[in-house]
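Fold and geometry: a report
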Amino acid sequence: MILDCAIIGGGPAGLTAGLYATRGGLDNVVMFEKGMPGGQITSSSEIENYPGVTGEISGMDLMIPWPAQCQKFGLKHDMVEIKRVSKDGDIFKIHKEDGTVVEAYSVIVCTGSSPKHAGFKGENELFGKGVSSCATCDGFFYKGKEVVVVGGGDTALEEALYLAKICSKVYLVHRKDSFRSAPNTVARVKKTQNIELVLNSIPQEVYGDNMGVTGILVKDSSGEIRDIKAPGVFVFVGNNVNNRILRQEDGNFLCDMNEKGEVIVDITMKTTTHGLFAAGDIRLSAPKQVVCAAGDGAIAALGAISYVDELLNH
Ligand SMILES: Cc1cc2nc3c(=O)[nH]c(=O)nc-3n(C[C@H](O)[C@H](O)[C@H](O)COP(=O)(O)OP(=O)(O)OC[C@H]3O[C@@H](n4cnc5c(N)ncnc54)[C@H](O)[C@@H]3O)c2cc1C
């Protein structure tokens with residue numbers, strides 16, 4: 001049997017794509033998710049910016065109802081890791097980790113992204129408990145408080161500027177004495193009164209108590225350790241886009257990517273390969289928010305429905 005649509009990844013983008021694809025009339029739709037559905041937000045202890053959801057709710061609580069809602073309309077979940085997606089004529093081949101192959105007329109790739117960690121002590125243990133990689137998500141929790149930003153690229157500087165509007169003070173910790181960012185952005189950072197540059201300094205250890213982060217130790221180039229007391233540490237040292245499944249045996253990708261490895265899509269989430277859509281954190285310029293990933297998933301599914309209808313009935 002050839003699937004109408006294969007969805008790879010079961011985070012907010014994949015689950016919403018599954019809801020719209022099945023409810024919109026596609027019959028054989030399978031979501032391939034290597035773990036429990038829900039995606040990266042399930043590691044967050046609190047989400048405050050999903051529309052319509054008020055009160056304290058964890059990322060896990062937010063996502064629990066999503067799979068059941070999709071299954072009601074016929075979405076099937078195959079708990080397996082996908083190794084590769086290829087295309088032969090009009091048919092996509094979904095290569096599973098056990099070596100078997102499933103065929104599909106359309107594919108929506110929703111494998112997300114993962115923030116890179118800087119690798120200092122306590123970072124993993126306190127991730128989601130004061131250590132964050134998303135200012136839009138977590139900045140508001142530190143309104144009027146001091147925070148630390150780690151990194152020296154465009155994202156780190158843009159996020160420091162964003163946080164400086166909410167927080168009383170931002171310590172920008174960077175291992176060099178110059179930034180890898182647009183000169184304009186660097187100038188804005190330097191002009192912002194409540195951003196203190198902590199240059200030539202490397203984070204050693206983030207520490208805290210059972211309520212979360214309370215501070216971070218950073219070492220400068222002379223070996224001196226500075227103890228910065230702050231309840232929030234934002235790490236922006238890069239992001240991995242989970243695009244590996246699109247890499248073909250010859251080393252090329254199944255569709256076009258930008259220089260960051262993000263999948264290039266148009267506003268209907270179509271990639272440069274017919275029948276292949278991408279949604280959520282994996283697509284170019286993704287805002288990396290649950291609501292945006294969900295919106296992308298819905299748009300991609302509507303595109304897949306039209307594509308399959310066109311392919312099979314015209
Ligand atoms: C700690 C934390 C806090 C956050 N807080 C907020 C917040 O407050 N508000 C907000 O809006 N956003 C927040 N985000 C961002 C939000 O979680 C992401 O933008 C969103 O989850 C992206 O959804 P997605 O579906 O594109 O990808 P993901 O959520 O990354 O889901 C991708 C899924 O694909 C699966 N997958 C990957 N590769 C394969 C494969 N080869 N085979 C099978 N399955 C695969 C993964 O297991 C995963 O479940 C936060 C993120 C983190 C990490």
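Starting from 1, residues in each chain are numbered consecutively following that chain's sequence as written. Residues qualify for local features only when their pLDDT is at least 70, as the model is predicted, and side-chain atom pairs are given and counted only at 80 or more; totals for whole chains, interfaces and linings, by contrast, use all residues. As a rule here, side-chain values come from all non-hydrogen atoms in the structure, and water together with hydrogens is ignored.

By the criteria applied, helices consist of DSSP H or I runs no shorter than four residues and strands consist of E runs no shorter than two, each listed in order from the N terminus. When helices and strands are tallied, the protein shows seven helices and 17 strands. In terms of overall size, the protein behaves like a compact globule, its C-alpha atoms giving a radius of gyration of 21 Å where 314 residues would be expected to give roughly 20 Å. Expressed as lengths along the three principal axes of its C-alpha atoms, the size of the protein is roughly 65 × 45 × 35 Å. Exposure is judged per residue with a 1.4 Å probe applied to protein chains only, and the accessible area is read against the type maximum: over 50% gives exposed, under 20% gives buried, and values in between give partly exposed. Within the protein, the proportion of its 314 residues that are buried is 50%. In this analysis, two residues are considered to be in contact whenever any of their non-hydrogen atoms come within 4.5 Å of each other. Nonlocal contacts in the protein, meaning residues at least 24 apart in sequence, comprise 60% of its contacts between residues at least 6 apart. Within these notes, the globule rule equals 2.2 Å times the number of residues to the 0.38 power, and the radius of gyration is based on C-alpha atoms.

Bringing the site of the ligand into the picture now. Near the ligand, the surroundings consist of 31 residues, among which A13, E33, N49, D281 and V290 are the closest. Any pair of nitrogen or oxygen atoms within 3.5 Å is treated as a polar contact; in protein, a donor-acceptor pairing is required on top of that, and neighbouring residues in sequence qualify only through side-chain atoms on both sides. Note that an oxygen atom of the ligand is positioned 3.3 Å from one of the backbone N or O atoms of K288. V290 places a polar main-chain atom, nitrogen or oxygen, 2.8 Å from an oxygen atom of the ligand. Burial of the ligand by the protein amounts to 94% of the accessible area it has alone, namely 1000 Å². Of all the secondary structure elements, the ones that give two or more residues to the shell around the ligand are helix 1 (12-23) and helix 7 (290-313). Three classes are used: nonpolar for Ala, Val, Leu, Ile, Met, Phe, Trp, Tyr, Cys and Pro, charged for Asp, Glu, Lys and Arg, and polar for all others, with Gly counted as polar. Its residues assigned to classes, the shell around the ligand comprises 13 nonpolar, 13 polar and five charged. Definition of nearness: a residue and a molecule or strand are near each other if at least one heavy atom of the residue lies within 4 Å of the molecule or strand. Method for areas: the Shrake-Rupley scheme with a 1.4 Å probe, in which residue coverage is limited to the protein chains shown.

When the sulfur atoms of two cysteines come within 2.5 Å, that pair is taken as a disulfide. With the rule as written, the count across this model stands at one disulfide. Sulfur-sulfur distance for the disulfide between C134 and C137 comes to 2.0 Å. A torsion of 70 degrees about the S-S bond marks the disulfide between C134 and C137 as right-handed. Residue C137 is classed as partly exposed on the basis of its relative accessible area of 27%. Here C167 stays unpaired: no disulfide links it, and the sulfur of C134, its closest cysteine neighbor, is 13 Å away. With no disulfide partner, C255 has as its closest neighbouring cysteine sulfur the one in C110, 13 Å distant.

Look at helix 1 against helix 3 (residues 65-72): their axes get within 8 Å of each other, and the N-to-C directions meet at 20 degrees. In this view, helix 1 runs roughly parallel relative to helix 3, as classed from their interaxial angle. Between helix 1 and helix 3 lies a crossing of left-handed hand. Where helix 1 abuts helix 3, its residues P12, L15, T16, L19 and T22 lie against W66, P67, Q69 and C70. Grouping the constituent residues of the contact of helix 1 with helix 3 by class yields six nonpolar, three polar and no charged. Between N-to-C directions, angles span 0 to 180 degrees; the directions come from axes that are lines fitted to C-alpha atoms, helices contributing only their stretch in contact. In these notes the angle categories are as follows: under 35 degrees is roughly parallel, over 145 is roughly antiparallel, 65 to 115 is roughly perpendicular, and the rest is oblique. Whether a crossing is left-handed or right-handed is set by the direction in which the near helix is turned from the far one by less than a right angle, anticlockwise for left-handed and clockwise for right-handed.

Note on pairing: DSSP must find at least two bridges between two strands before they are called paired. Spatially, the three strands line up as an open sheet ordered 12-13-14, and their pairing is antiparallel. Strands with a single pairing partner mark the edges of an open sheet, and in this sheet they are strand 12 (201-209) and strand 14 (225-229). The average undirected angle you get between the axes of adjacent strands in this sheet is 25 degrees.

Turning our eyes to something else, we now look at the domain arrangement of the protein. Assigned domains within the protein: domain 1 (3-115 + 239-313) and domain 2 (131-235). Summarising the inter-unit geometry, the C-alpha centres of domain 1 and domain 2 are found 33 Å apart. Contact with domain 1, which involves six residues of that partner, is made by six residues of domain 2. Here domain 1 meets domain 2 over a buried area of about 460 Å², counting both sides, of which 54% is carbon and sulfur. Among the residues domain 1 hides against domain 2, the three largest losses belong to E46, E48 and Q289. Together they make up 65% of the total. Each reported salt bridge corresponds to a side-chain nitrogen of Lys or Arg within 4 Å of a carboxyl oxygen of Asp or Glu. Across the domain 1-domain 2 interface, the total number found is zero salt bridges. Reported domain spans reflect what an automatic or database domain assignment gives. Once two parts are joined, some of their accessible surface, as seen by a 1.4 Å probe, is lost; buried area is that loss totalled over both.

Turning our eyes to something else, we now look at the sheet that holds strand 15 (residues 232-235). The strand order across the open sheet built from five strands is 8-15-9-10-11, with neighbouring strands paired in parallel fashion. Two strands lie at the open edges of the sheet, namely strand 8 (131-132) and strand 11 (195-198), each paired on one side alone.

For M269, which is not glycine, the phi torsion reads 70 degrees and is therefore positive. In this structure, M269 sits in the loop between strand 16 (239-241) and strand 17 (276-278). Assessed through its relative accessible area of 5%, M269 is described here as buried. One non-glycine residue, S285, adopts positive backbone phi at about 55 degrees. With respect to the secondary-structure elements, S285 resides in the loop between strand 17 and helix 7. Given the relative accessible area of 58%, S285 is considered exposed.

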